Amino acid sequence: MTMALITCQECSTRLSDTANSCPECGASMQTAKGRAGLSFNGKLLLAVAIFVIVVWAFR
Ligand SMILES: [Zn+2]
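For clarity, every value in this text was computed on a predicted model and none was experimentally measured.

Some words on the overall build of the protein
Counting its regular elements, the protein contains one helix and two strands. Helices and strands appear in the protein in the N-to-C order β-β-α. Counting only residues that meet the buried cut, the protein has 3% of its 59 residues in that class. A fraction of 0% describes how many contacts in the protein between residues 6 or more apart in sequence connect residues 24 or more apart.

Things to note about the confidence of the model for the protein
Residue-level pLDDT values for the protein average 82, and 80% of them are 70 or greater. No element of the protein has a lower mean pLDDT than helix α1 (residues 32–57), which averages 79, and none a higher one than strand β2 (residues 14–16), which averages 89.

Things to note about the environment of Pro23
Its location among the elements puts Pro23 in the loop between β2 and α1. Counting along the chain gives 15 residues from Pro23 to Cys8, while the straight-line C-alpha distance between them is 9.6 Å.

Digging into the environment of Thr7
Counting through the fold element by element, Thr7 comes out in strand β1 (residues 5–7). For the pair Thr7 and Cys22, spaced 15 residues apart in sequence, the C-alpha to C-alpha distance is 9.2 Å.

The rules we used
- Residues numbered from 1 in each chain as written.
- Predicted model: local features only at pLDDT ≥ 70, side-chain atom pairs only at ≥ 80, totals over all residues.
- Helix = DSSP H or I, 4+ residues; strand = E, 2+ residues; numbered from the N terminus.
- Buried ≥ 20, exposed ≤ 12 C-beta atoms within 10 Å, placed from the backbone.
- Contact = placed C-beta atoms within 7 Å.
- pLDDT = per-residue confidence, 0-100.

Structure follows, in structure tokens:
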């Protein structure tokens, strides 16, 4: 697990480093690590969503 908390530079809200934007003020997190994490998580989520839809459609 590499979950970590970072602090929003705009409003000082603590949020996960996997978040691409602050849930409080909407400021985008511009760290390279954050982008990489988001990209990976986005692809994984998309793959899971497609898998679920396919399984559901063919049951
Ligand atoms: Zn913020």
